[in-house]
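Each chain, letter by letter, is given below.
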Amino acid sequence: MTEQTLPTTAPTAEEPAAPAGPWAEPAPDPAAPARKPLRERRVLRAVARWSLALVVAGGLGAGTTALITLQDRTDLPGLATAPDGRWDFPRQQLPALPADAPRPGHPDNAAGIHHADLRELLVTAPASATPDKKLTGDWTPTSAYLAEYDEGDPRALGAKLHGFGLRHLTSRGWTMPDGTEARVHLLRFPSSGLADQYRDEGVIFGSDAGAPLAGRPDTLFDPKWRSRGVPETTSVYAYEEPAPYGNDGVQTRVAYIVAGDTVGMVVHEKKGGAARVPFHQTVILQTQLLG
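The notes below deal with the structure included here. Please read these numbers as outputs of a predicted model, since none were measured by experiment.

**Focus on the layout of surface pockets**
Right, on to step 1. Each pocket or cavity is described by its volume, and for the largest pocket that value is around 810 Å³.
Right, on to step 2. Taken together, 20 residues make up the lining of the largest pocket; nearest its centre are Arg86, Gln281, Ile284, Leu285 and Gln288.
Right, on to step 3. The residue makeup of the lining of the largest pocket, split by class, is eight nonpolar, six polar and six charged.

**Observations regarding the pairing of strand 7 (residues 262-271)**
For a regular strand, the rule is simple: side chains alternate between the two faces of the sheet.
Right, on to step 1. Counting buried positions along strand 7 gives eight out of ten residues, so the element sits mostly inside the fold.
Right, on to step 2. Two elements, strand 3 (residues 181-188) and strand 7, share eight bridges in a ladder whose sense is antiparallel. From the neighbouring strand, Leu186 faces strand 7, where its bridge partner is Gly264.
Right, on to step 3. Counting the residues that bridge the hairpin from strand 6 (residues 250-259) to strand 7 gives two residues, and of these Gly260 lies at a positive phi of roughly 65°.

**Structural notes on the nonpolar core**
Right, on to step 1. Among the nonpolar cores identified, the biggest contains 27 residues, and Val123, Trp174, Trp225, Val236 and Val283 are the most heavily contacted of them.
Right, on to step 2. Within the residue set of this core, elements represented by two or more residues are strand 3, strand 5 (234-240), strand 6 and helix 5 (276-290).
Right, on to step 3. Ignoring any residue separated from it by four or fewer positions in sequence, one finds Val283 in contact with Trp225, Val236, Ala255, Ile257 and Val266.
Right, on to step 4. Grouped together as the second largest cluster of nonpolar side chains are 23 residues, Leu146, Phe189, Tyr198 and Tyr256 included.

**Notes on the sheet that holds strand 2 (residues 168-175)**
Right, on to step 1. The sheet built from seven strands is open, its strands ordered 1-2-3-7-6-5-4 with antiparallel pairing. At either margin of the open sheet sits one strand with a lone partner, and together these are strand 1 (130-139) and strand 4 (220-221).
Right, on to step 2. The pairing of strand 6 with strand 7 spans ten bridges and is classified as antiparallel. Along strand 7, the bridge assignment pairs Ala255 with Val266.
Right, on to step 3. Across the sheet, helix 5 touches strand 2, strand 3, strand 5, strand 6 and strand 7, and the angle it forms with strand 6 is around 20°.

Conventions used here
Residues numbered from 1 in each chain as written. Predicted model: local features only at pLDDT ≥ 70, side-chain atom pairs only at ≥ 80, totals over all residues. Heavy atoms only, no water. 1 Å grid on protein atoms, 1.4 Å probe; cavity = no way out; pocket = protein on both sides within 12 Å on 5 of 7 lines; lining within 4 Å. Points joined across faces, edges and corners; volume = space filled by probe spheres on them. Nonpolar A, V, L, I, M, F, W, Y, C, P; charged D, E, K, R; others polar. Buried < 20%, exposed > 50% of the residue type's maximum accessible area, 1.4 Å probe, protein only. Helix = DSSP H or I, 4+ residues; strand = E, 2+ residues; numbered from the N terminus. Pairing = 2+ DSSP bridges. Core = buried A, V, L, I, M, F, W, Y, C linked by side-chain atoms within 4.5 Å. Contact = heavy atoms within 4.5 Å. Axes fitted to C-alpha atoms, helices over the stretch in contact; angles between N-to-C directions.

Nothing here speaks to function; it is geometry throughout.
Structure follows, in structure tokens:
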């Protein structure tokens, strides 16, 4: 559709005088009702035409406004969403898979293997974030992941990671302008069965958060978690630290993601309370990359 533009200047009501000769206006009949001069009549006709144009344009504009109001905001690319606390994540990109490599959940991929580079399945940080200099999105030592847990558990979990054949571990962290610290870890095992075993016999998360987090022994199931947007091939277990938030006043939210051969962990921490909306946003984006 050709883009329509409005005139840059308003049309002038002044028109050239009627030429002399046979086209000149005849002399008025004294018995006829008084008529307005030709120039004045032309001005009135021009005004009438522009008034009609404005009425039509106004009606079309009202119809367009009604259509936009009735449609879901997500159906209209380019329209801004009212601020609701979401972070400014860049558009996430799924990596290309090797030729003929099925995604997890495909009938030809019963083991739930992610054939893409695990680092390319890690959610990227928001545009306004300050990146963590240690958790950069590259391969991560197990010690960085085990540091998420209480001192009494890391060695036991480390043995489980070894026993269930952990293949790769990648992590990314960042800090937002409001002070929220975020960390995401992805752990890949040889198969979905071994990933499930690590869930059930390692961290043991389910109705509760399982292995206690460092300094956060009372992280509980989040009753307000909603799985809208989570792919069918992934499972999410979301938890939150209830108030009061310990001696430091920092609240922790954590979610575990199980997707085929991979277990993900998303952590948000903030003094005074970690906001629910960006936490859910980060988790959903990460599930969609893994699903």
